[in-house]
Amino acid sequence: MTDLLTDDQITHSLRDLPGWQPRPGSLVRDVTAPDFLAGIALVGDVAQAAEQMNHHPDIDIRWTTVTFSLTTHACGGVTNNDVELARRISEIVDQRFGD
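Because the structure is a prediction, the values reported are computed rather than measured.

**Details of the nonpolar core**
Then step 1. If you look at the biggest cluster of nonpolar residues, it comprises 22 residues, and the most contacted ones within it are W20, L27, L42, F68, L70 and I89.
Then step 2. Ranked by residue count, the leading element in this core is helix α3 (residues 80-97), at 6 residues.
Then step 3. If we skip the residues at most four places from it in the chain, F68 touches W20, L27, V28, R29, V31, L42, V46, D58, I59 and I89.

Below, the structure written as C-alpha cells:
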C-alpha cells in the first residue's frame, strides 16, 4: 500500500505544480477552458492518462471551469500517486491551453 504524504511533503511536492492547492485529504485544481467543448476535450485527455495510471480523479465540470480533485481513497488521503497524476494533468493542461 502507498504511504500517505505529510503536510510538509505535500507542500514540497506542490512547489513545482502551479495551480494545485492542498485541501484536507486531497489536491485540487481549477482549470478554465476557453469554452465548454475545450473543457470536455480536456477531461477526455485526462481520463485517458488516468486510466493508463490506474488512478482516477474526481472531476467537476461547470461550463468552462473543470475542477480536478485527487485523493487515494484506499489510503484516505494524498499519496505520491496523486502528485504524479497532478503532474500529468498539468502537462495535459499546458499542452492544450498553454497555461
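**Observations concerning a nonpolar patch on the surface**
Then step 1. Together, F36, L37, I40, I59, I61 and W63 line one region of the surface with nonpolar side chains, adding up to about 610 Å² of accessible area.
Then step 2. Secondary structure elements with two or more residues in the nonpolar patch: α2 (36-53) and β3 (58-62).
Then step 3. Mapped onto the elements, I59 comes out in strand β3.
Then step 4. Take I59: its relative accessible area is 33%, and that puts it in the partly exposed class.

**With respect to the side chain of T79**
Then step 1. Within the secondary structure, T79 is located in the loop between β4 (65-70) and α3.
Then step 2. In this structure T79 comes out as buried when scored by relative accessible area, which is 0%.
Then step 3. For T79, the side chain forms a polar contact with the side chain of T72, separated by 2.7 Å.
Then step 4. Apart from the residues within four sequence positions on either side, T79 is in contact with T2, D3, L4, L5 and T72.

**Structural notes on the sheet that holds β4**
Then step 1. As summarised here, the arrangement of the 4 strands in space is β1-β2-β4-β3, forming an open sheet in which the pairing is antiparallel. The open sheet has two edge strands, β1 (21-23) and β3, and neither has a second partner. Recorded for the sheet is a direction-independent mean angle of 25 degrees between the axes of neighbouring strands.
Then step 2. Two elements, β1 and strand β2 (residues 26-32), share 3 bridges in a ladder whose sense is antiparallel. The residue of β2 that forms the bridge with Q21 is V28.

**Points about the pattern of salt bridges**
Pairing of side chains with opposite charge becomes possible as their charged atoms draw close.
Then step 1. In the structure shown here, the tally under the stated rule is 5 salt bridges.
Then step 2. In this structure, R87 engages E84 in a salt bridge whose closest nitrogen and oxygen atoms are separated by 3.2 Å. Here E84 and R87 lie together in helix α3, a separation of 3 residues that amounts to about one turn.
Then step 3. Residue class for R87 comes out partly exposed when judged on its relative accessible area of 24%.
Then step 4. Here R88 and E91 are joined by a salt bridge, their closest N and O atoms 3.1 Å apart. One end of the pair is R88 and the other is E91, both in helix α3 and 3 residues apart, which spans about a single turn.

**As for the packing of α2 against α3**
Then step 1. Between α2 and α3, whose axes approach to 10 Å, the crossing angle comes to 145 degrees. Along this stretch, α2 crosses α3, giving a crossing that reads as right-handed. Residue-level contacts link A38, A41, L42, D45, V46, A49, A50 and M53 of α2 to N81, E84, L85, R88, I89, I92, V93, R96 and F97 of α3.
Then step 2. Partitioned by chemical class, the residues of the contact of α2 with α3 number 12 nonpolar, 1 polar and 4 charged.

Reading the values: rules and limits
- Residues numbered from 1 in each chain as written.
- Predicted model: local features only at pLDDT ≥ 70, side-chain atom pairs only at ≥ 80, totals over all residues.
- Heavy atoms only, no water.
- Core = buried A, V, L, I, M, F, W, Y, C linked by side-chain atoms within 4.5 Å.
- Buried < 20%, exposed > 50% of the residue type's maximum accessible area, 1.4 Å probe, protein only.
- Helix = DSSP H or I, 4+ residues; strand = E, 2+ residues; numbered from the N terminus.
- Contact = heavy atoms within 4.5 Å.
- Patch = residues over 30% accessible without salt bridge, like charges linked within 9 Å, V, L, I, M, F, W, Y side chains within 5 Å.
- Areas by Shrake-Rupley, 256 points an atom, 1.4 Å probe, with all protein chains shown as cover.
- Salt bridge = Lys/Arg side-chain N within 4 Å of Asp/Glu carboxyl O.
- Polar contact = N/O pair within 3.5 Å; in protein donor to acceptor, adjacent residues only side chain to side chain.
- Pairing = 2+ DSSP bridges.
- Axes fitted to C-alpha atoms, helices over the stretch in contact; angles between N-to-C directions.
- Left-handed = near helix turned anticlockwise from the far one by under 90°.
- Nonpolar A, V, L, I, M, F, W, Y, C, P; charged D, E, K, R; others polar.

Without other data, these values stay purely geometric and don't point to any function.
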